[in-house]
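Chain by chain, the residues run as shown.
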Amino acid sequence: MFRVHDDLRPHAVVIGSGFGGLAAAIRLGARGYRVTVLEKRDGPGGRAYVYERDGFVFDAGPTIVTAPFVLEELWQLCGRRMEEDIDLRPMDPFYQIRFHDGQVFNYWADIEAVREEVRRFSPGDLEGYDAFMKASQANYKVGFEGLAHVPFNSLADMARVVPDLVRLGAYRSVYGLVSKHIRDPRLRQVLSFHPLLVGGNPFRTTSVYCLISFLERRFGVHFAMGGTGSLVKGLVGLIQGQGNTIRYHSEVERILVEGGRARGVRLKSGEEIAADVVVSNADSASTYHDLVPAGDRRHWTDRRIRRSRYSMGLFVWYFGTRRRYEDVPHHSILLGPRYKELIEDIFERKVLADDFSLYLHRPTKTDPSMAPEGCDTFYALSPVPHLEADVDWETQAEPYRRRIEAFLSETLLPDLENQVAVSHVVTPRYFQDELNSFRGAGFGLEPVLWQSAAFRPRNRSEDVDRLYLVGAGTHPGAGLPGVISSAKVLDEVVPDAQRVKGAA
Ligand SMILES: Cc1cc2nc3c(=O)[nH]c(=O)nc-3n(C[C@H](O)[C@H](O)[C@H](O)COP(=O)(O)OP(=O)(O)OC[C@H]3O[C@@H](n4cnc5c(N)ncnc54)[C@H](O)[C@@H]3O)c2cc1C
């Protein structure tokens, strides 16, 4: 590959090596920038960090890969094909959803099979399901194809899309749109839980997020063999192949601003690194609150950051078992006895409830090499309030884990108490302390309409020239397709390398 001599290339610093930061580094590298990614931890991935314990491999975060074409584009930018590095397998069913009374809804890859499931649960809702999927497709066209990778630099940009949003009824919540078409309360849950996968409350998240149902149907749900960590490793390889660098143990303490323009960064170690452009993949609220001096911020003041709404927190229990649980699917959603009330406890009342709903991940169903022979790797994820809640995780984490263990033992994983070989727990404290996520939120700013598009911290900073934001807390939002699309927006807002060099 043609490589310009380092000294001639303008320098881009990327803060953080989450999927958004890695994708940003690749795009800037492809456009002729010399890129340095600075990561505070000892490895890449951010929320997609990988833990290995005694032969068990745990993807810490994302496990469900949708819209694989957004990843494929990154390989193409480097003149490569993703399949050279990644073995992506389609999932079927996408998920199995298990209700508290033991009933199971299989969310199959084939739409006719899903329609059959809908008919089995509530024959009268079949027509409504078809209408809902049409609405989902319309939201996908506007919300993903039309908006996800375009910049919102001003309110005028926002005004341009308002007619579409009004036509789609974006003021309605996801649950509202589902309920318009579906009567059965269980099917309403099955079709409305998706916002929780990106940090949203289904009863408040704009119905534009119903696009996820169509996105899954259109492009499938996938798993990368070896785990999501193999995608992270693949992206790191692309960055290195461009002749660029990722530095670990390099926490940025300040974005250096002079005359309203980002000039570089200072690390906690005191080292200063000059840059022509700075891209922050750190949580957007923390980027402004902690890294940009208050005097350089007119829009994202401390007060505004404190008054914004944040996604829920997450409690995740990673565990390996001495035996395999052959009947357990790759992705299960285990719904508790309450739906709306539990969600209100988490998002509005901010209390840690006695009951829970879980997402259970069993990657060894698809890739047994992620555990020692005859064993299984799991994680159980429970949405909980973020750190505004009065929960002392020091004392609450272990009893909460035990409740989850007892529940799983009674339902899907008999005798679990005696089968656990390795165990690791993270709470919202980890998201705050390790990942620098404001209020320990699992997914950054909550995806409500008035915190979307131009109302979200913008990809081109409103406050500091030559500072750009990617990742879950900026436009378009959380989830792998979202954060990778946020890096694509940079192609529109970051000047060409030649122009930057000329002006530097
Ligand atoms: C448990 C869990 C499960 C999920 N499941 C899915 C899923 O199945 N599918 C899906 O699509 N999405 C899923 N998501 C959402 C998805 O993982 C995230 O939205 C996405 O990975 C966030 O990427 P990001 O680019 O915003 O960066 P992050 O992953 O948040 O990474 C930011 C990085 O910046 C670093 N950093 C922060 N501050 C500094 C600093 N000052 N200096 C240097 N480095 C710094 C952090 O250490 C971190 O590495 C899940 C999330 C979680 C937590």
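Above this note sits the structure.
Cut-offs used in this document
Residues numbered from 1 in each chain as written. Predicted model: local features only at pLDDT ≥ 70, side-chain atom pairs only at ≥ 80, totals over all residues. Heavy atoms only, no water. Salt bridge = Lys/Arg side-chain N within 4 Å of Asp/Glu carboxyl O. Helix = DSSP H or I, 4+ residues; strand = E, 2+ residues; numbered from the N terminus. Buried < 20%, exposed > 50% of the residue type's maximum accessible area, 1.4 Å probe, protein only. Pairing = 2+ DSSP bridges. Axes fitted to C-alpha atoms, helices over the stretch in contact; angles between N-to-C directions. Contact = heavy atoms within 4.5 Å. Phe/Tyr/Trp six-rings, centres within 6.5 Å; stacked < 30°, edge-to-face > 60°. Near = heavy atom within 4 Å. Polar contact = N/O pair within 3.5 Å; in protein donor to acceptor, adjacent residues only side chain to side chain. Areas by Shrake-Rupley, 256 points an atom, 1.4 Å probe, with all protein chains shown as cover. Core = buried A, V, L, I, M, F, W, Y, C linked by side-chain atoms within 4.5 Å.

Participant: How should the pattern of salt bridges be read in this particular structure?
Facilitator: Opposite charge on two side chains makes pairing possible when the charged atoms of those side chains draw close. All chains considered together, the criterion is met by 39 salt bridges. The partner of D491 in a salt bridge is R27, with the nearest N and O atoms 2.8 Å apart. Here the residue D491 occupies a position in helix 15 (residues 480-493), and R27 occupies one in helix 1 (residues 19-30), the gap between them amounting to 464 residues. Taking relative accessible area as the criterion, D491 reaches 30% and is therefore assigned partly exposed. Across the pair R120 and E117 runs a salt bridge, and its minimum N-O distance is 3.0 Å. Taken as a pair, R120 and E117 lie in helix 3 (residues 111-121) at a separation of three residues, close to a single helical turn. According to the relative accessible area criterion, E117 is buried, its value standing at 8%. Each member of the salt-bridge network shares a partner with another, and the members are R27, R31, E73, K488, D491 and D496.

Participant: What am I meant to see in the sheet that holds strand 10 (residues 252-258) here?
Facilitator: Two pairing modes exist for strands in a sheet, parallel and antiparallel, and in both the strands are linked by backbone hydrogen bonds. Ordered by their spatial adjacency, three strands build an open sheet running 10-11-12, and the pairing between neighbours is antiparallel. Edge positions in the open sheet fall to strand 10 and strand 12 (272-274), since each of these has one partner strand only. In this sheet, adjacent strand axes meet at a mean angle of 30° when their direction is disregarded. Of the pairings in the sheet, the one linking strand 11 (residues 261-267) to strand 12 comprises three bridges and is antiparallel in character. When the sheet's bridge partners are listed, V265 is paired in strand 12 with I273.

Participant: I would appreciate a short explanation of the sheet that holds strand 14 (residues 313-321) in the present structure.
Facilitator: Pairing is mixed in the open sheet, where seven strands are placed in the order 7-6-15-16-17-14-18. The open sheet is flanked by strand 7 (104-107) and strand 18 (420-426), the only strands paired with a single partner. Between one strand and the next, the sheet's axes are offset by a mean angle of 20°, whatever the strand orientation. Summarising the sheet, strand 14 and strand 18 pair through six bridges and their orientation is antiparallel. The partner of G320 across the bridge, within strand 18, is V422. Across the face of the sheet, helix 13 (residues 393-410) comes into contact with strand 14, strand 15 (331-334), strand 16 (358-361), strand 17 (376-384) and strand 18 while running at roughly 55° to strand 14.

Participant: Got a minute to help me understand the packing of aromatic side chains in this structure?
Facilitator: Aromatic ring pairs are described here by two measures, namely the spacing of the ring centres and the angle between the planes. As enumerated under the stated definition, the model contains 31 aromatic pairs in all. Relative to F219, the ring of F69 lies with its centre 4.7 Å away and its plane at 55°, an arrangement referred to as tilted. Pair noted here: F69 is in helix 2 (residues 69-77) and F219 is in helix 8 (residues 211-219), with a separation of 150 residues, a long-range link. Classification of F69 by relative accessible area gives partly exposed; the value is 31%. Given the relative accessible area of 21%, F219 is considered partly exposed.

Participant: Can you walk me through the site of the ligand in this structure?
Facilitator: By nearness alone, 37 residues border the ligand, and G20, E39, R47, N281 and L480 come closest of all. At a separation of 2.8 Å, an oxygen atom of the ligand approaches a polar backbone atom of A472. G479 is positioned with one of its backbone polar atoms (N or O) 2.9 Å from an oxygen atom of the ligand. Out of a free accessible area of 1000 Å², the ligand has 96% covered by protein chains.

Participant: Help me understand the nonpolar core in this model?
Facilitator: The tendency in soluble globular proteins is for nonpolar side chains to be buried side by side. With 127 residues, the main nonpolar core has F19, Y33, I97, F105, L235 and I484 as its most contacted residues. No other element matches the eight residues that helix 4 (residues 126-146) contributes to this core. The residues touching F19, leaving out its near neighbours within four places in the chain, are G45, A48, P62, L71, T228, L231, V232, L235, L480, V483 and I484. Counting 25 residues, the second largest nonpolar core, distinct from the first, contains Y288, I305, Y310 and L469.

Participant: Just to check I follow, could you spell out the pairing of strand 2 (residues 34-38) for this structure?
Facilitator: The side chains of a regular strand alternate between both faces of the sheet. Summarising burial for strand 2: four of the five residues are buried, a large majority. Across five bridges, strand 1 (residues 11-15) lies against strand 2 in parallel orientation. Bridging from a neighbouring strand, H11 pairs with R34 of strand 2. As paired elements, strand 2 and strand 9 (residues 245-247) share three bridges and run parallel to each other. The residue of strand 9 that forms the bridge with L38 is R247.

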